[in-house]
Amino acid sequence: MRAFGFLVRADTVVGIAVSGGSDSMALMALAADFRDLCGTNFHTVTVDHGLRPEAAQEAEAVAVASHALGLPHTTLTWRRDAD
């Protein structure tokens, strides 16, 4: 992780998109480790696209996991415009 420290400074906030899949959940855990090591601040964001009935529950699960890691989280809600 130290090798990537040049990418971000400790006084910045880096946003990461977390869908709730295993790869993005791993990214979120690594971001928390990176924060602890390098002091970089991360803010996680999930989009509740509403395309599947479970999308809202998945976004909530990401929010819970993010807060457990001490990372702020925002859920954005997308709604399709009526045709």
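Whatever comes next refers back to the structure up there.
What counts, and where the lines are drawn
Residues numbered from 1 in each chain as written. Predicted model: local features only at pLDDT ≥ 70, side-chain atom pairs only at ≥ 80, totals over all residues. Heavy atoms only, no water. Helix = DSSP H or I, 4+ residues; strand = E, 2+ residues; numbered from the N terminus. Contact = heavy atoms within 4.5 Å. Pairing = 2+ DSSP bridges. Axes fitted to C-alpha atoms, helices over the stretch in contact; angles between N-to-C directions. Expected span 1.5 Å × (residues − 1). Buried < 20%, exposed > 50% of the residue type's maximum accessible area, 1.4 Å probe, protein only. Arc of directions from axis to C-beta.

Student: How should the side chain of S66 be read in this particular structure?
Tutor: Note that S66 resides in helix 2 (residues 55–68). Leave out the neighbours within four places in its chain, and S66 touches M28, T44, L71, P72 and H73.

Student: Explanation requested: the sheet that holds strand 1 (residues 13–17) in the structure shown.
Tutor: Remark on secondary structure: sheet strands pair via backbone hydrogen bonds, oriented parallel or antiparallel. Strand order in the open sheet formed by three strands is 1-2-3, and the pairing between neighbours is parallel. The two strands at the open ends of the sheet, each matched to only one other strand, are strand 1 and strand 3 (73–77). Each adjacent strand pair in this sheet contributes to an overall mean axis angle of 25°, direction not counted. On the sheet, helix 1 (residues 22–38) packs against strand 1 and strand 2 (41–48) and is oriented at approximately 165° with respect to strand 1.

Student: What is the right way to look at helix 2 in this model?
Tutor: Since one α-helical turn is 3.6 residues long, residues separated by three or four positions face the same way. Counted at 1.5 Å a residue, the expected span for helix 2 with its 14 residues is 20 Å, and the 20 Å between its end C-alpha atoms agrees. Along helix 2, the positions that sit buried rather than exposed are A55, A59, V62, A63 and S66. Down the axis of helix 2, the buried set is contained in an arc of 100°. They therefore lie on one face. Residues of helix 2 that are exposed and point more than 90 degrees away from the buried face comprise Q57, V64 and A68. Looking at the buried side of helix 2, the elements it contacts are helix 1, strand 2 and strand 3.

Student: I keep staring at helix 1 and nothing clicks. Help me out?
Tutor: The first and last C-alpha atoms of helix 1 sit 24 Å apart over 17 residues, in line with the 24 Å expected at 1.5 Å per residue. Among all positions in helix 1, only S24, M28, A31, A32, F34 and R35 are buried. In an axial view of helix 1, the angular spread of the buried residues amounts to 160°, which keeps them on one side of the axis. Looking at helix 1, the residues exposed on the side facing more than 90 degrees away from the buried face are S22, D23 and D36. Taken together, the buried residues of helix 1 touch strand 1, strand 2 and helix 2.

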